[in-house]
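Spelled out from the first residue to the last, the chains are:
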Amino acid sequence: MLEQDHIYMARAFELAKKGRFTTSPNPNVGCVIVRDGEIVGEGYHQKAGEPHAEVHALRMAGDKAKGATAYVTLEPCSHHGRTPPCAEALINAGITRVVAAMQDPNPQVAGRGLFMLSQAGIETASNILLEEAEALNRGFLKRMRTAFPYIQLKLAASLDGKTALANGESKWITSPAARKDVQVLRAQASAILSTSNTVLADDPALTVRWNELPADVQAQYPEEKLRQPIRIVLDRHNRVKPEHKVTQLEGECWLIRPTPDTTETWQGNVEQLAIPADDNGIDLVILMMQLAKRNVNSIWVEAGAKLAGSLLKLGLVDELIVYIAPKLLGDTARGLVSLPELSALSDAPQFEFTDVEKVGNDLRVRLRPVW
Ligand code: AOF
Ligand code: ZN
């Protein structure tokens, strides 16, 4: 590893992040090509089906790729997918050294990209800035490794951990700044998961609104590139109807119900997925496996205390994102998560804080479960 490798790889990460709103279900990948201490090519993956990061960078480098080093945030691919293998493109362009931040766990690649390169006489190195590489594609990596999506549970609470008054009023606990922040996180998810209870109570849109994104995000993410995460609604009793916003707005809407409703006329963006249910609700483990099969990398959950509790009990949650408003709602208000009564503190689900930030007048804390 050379000292300057870190600098060029950090630049490749900066480029990769530009694709964070648009590449799902593909990973975010950035690539920098360097010859004689000069960056001659740069690129990042923008959209599934379009060229990979390496191809953009090679196009920019042209002849200058001969004898150059390529820095890529993910191992170059070796398979013929929607696009031809990048390892081949790097070989043909005359690249002599490839540095990858991490191996690609995609079973179609899994080390074969780096192997192809070294077979062609190219010097290879990997595992550089590995933590950044893991953080960049949590959803894609989890799906490739486990066949489950990465699940983020969004919660909003008062200082005393309450989400709604006893009468159910819950709408604006957190500030407009927190809601803007939610828009940015929604925009990065493959899908948004909610329930028919939430749809019937609030008729939410569950969309990303470009005009509500912060100005710095808007500057990197033009409105015409807006991608709507898939809206997924758990609806065991077929209560969601064609007049609800989730089924009408732009983007896909998947209704999860044991028995599809054939009496209504649904718009083309609505699909009904048959997943078994029992008295506790839809089988969430089967659902998540089905969603991963349909290439859903990451799920942003915005729902009530019951679904939050069920996902936590099943060990399906990878990350909690809690917005805490500086308000007290008192002990008659409703709690954050429904869990069975505990008889010992040692049985309480445990988390560790991974990040704390002030967002407007609220706090945003991020946590991951400790097993
Ligand atoms: C990307 N962008 O820059 C790189 C990827 O369906 P395909 O042909 O686009 O292949 C997608 C796979 O290629 C993806 O799952 C990952 O394993 C590998 N590398 N993918 O979308 C890129 N370098
Ligand atoms: Zn590729």
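What you see is a predicted model, and the numbers here were worked out from it, not measured in a lab.

Please set out the UniProt feature "domain: CMP/dCMP-type deaminase" (unreviewed entry) in the protein chain residue by residue, giving values where relevant.
Taking the numbering used here, the UniProt-annotated feature "domain: CMP/dCMP-type deaminase" (unreviewed entry) corresponds to residues 3-125. Regarding residues 3-125, the helix share stands at 30% and the strand share at 20%, and the terminal C-alpha atoms are separated by 13 Å.

Can you break down the coordination of the zinc ion (ligand 2) residue by residue, with the values?
Taken together, His 52 (ND1), Cys 77 (SG) and Cys 86 (SG) make up the protein donors of the zinc ion (ligand 2), found 1.9 to 2.2 Å from the metal. Donor residues for the zinc ion (ligand 2), ordered by position in the chain, follow H-x24-C-x8-C.

Got a sec to walk through the pairing of strand S6 (residues 150-158)? Specific residues and values, please.
Most of S6 sits out of view: nine of its nine residues are buried. Both faces of S6 are covered, namely the face carrying Tyr 150, Gln 152, Lys 154, Ala 156 and Ser 158 and the face carrying Ile 151, Leu 153, Leu 155 and Ala 157. As paired strands, S6 and strand S14 (residues 298-301) are joined by four bridges and run parallel to one another. Across the sheet, residue Gln 152 finds its bridge partner in S14, namely Trp 300.

Any chance you could break down the nonpolar core for me, citing the residues and the numbers?
Note on soluble globular proteins: their nonpolar side chains tend to be buried together. By size, the foremost hydrophobic cluster in this structure holds 43 residues, and its most contacted members are Met 9, Ile 33, Ile 95 and Val 98. When residues in this core are grouped by element, the largest group, six residues, is from helix H1 (residues 5-17). Filtering out sequence-adjacent residues up to four positions away, Met 9 remains in contact with Tyr 71, Val 72, Thr 73, Val 99, Ala 100, Ala 101, Ile 128 and Leu 129. If you look at the next biggest cluster of nonpolar residues, it comprises 30 residues, including Leu 311, Leu 316, Val 317 and Val 322.

Tell me what's going on with the environment of Gly 19, and back it up with residues and numbers.
Assignment of secondary structure puts Gly 19 in the loop between H1 and strand S1 (30-35). Among the residues examined, Gly 19 registers a relative accessible area of 0% and is labelled buried. Once the C-alpha coordinates of Gly 19 and Gly 30 are considered, the two residues, eleven residues apart in sequence, prove to be 8.7 Å apart. The residues contacting Gly 19, other than those within four sequence positions of it, are Asn 28, Tyr 44 and His 45.

Any chance you could break down the site of ligand 1 for me, citing the residues and the numbers?
Taken together, 15 residues are adjacent to ligand 1, and Asn 26, His 52, Ala 53, Arg 82 and Asp 104 come closest. Between an oxygen atom of ligand 1 and a main-chain N or O atom of Ala 53, the distance comes to 2.8 Å. Compared with its free state, where it exposes 480 Å², ligand 1 has 96% of that area covered by protein. The residue inventory of the shell around ligand 1, partitioned by class, reads five nonpolar, seven polar and three charged.

What counts and what doesn't
- Residues numbered from 1 in each chain as written.
- Chains lettered and ligands numbered in written order.
- Predicted model: local features only at pLDDT ≥ 70, side-chain atom pairs only at ≥ 80, totals over all residues.
- Heavy atoms only, no water.
- UniProt positions renumbered as here; feature names shortened; annotations may be inferred.
- Helix = DSSP H or I, 4+ residues; strand = E, 2+ residues; numbered from the N terminus.
- Donors = N, O, S within 2.8 Å, 3.2 Å for Na, K, Ca; no water.
- Buried < 20%, exposed > 50% of the residue type's maximum accessible area, 1.4 Å probe, protein only.
- Pairing = 2+ DSSP bridges.
- Core = buried A, V, L, I, M, F, W, Y, C linked by side-chain atoms within 4.5 Å.
- Contact = heavy atoms within 4.5 Å.
- Near = heavy atom within 4 Å.
- Polar contact = N/O pair within 3.5 Å; in protein donor to acceptor, adjacent residues only side chain to side chain.
- Areas by Shrake-Rupley, 256 points an atom, 1.4 Å probe, with all protein chains shown as cover.
- Nonpolar A, V, L, I, M, F, W, Y, C, P; charged D, E, K, R; others polar.

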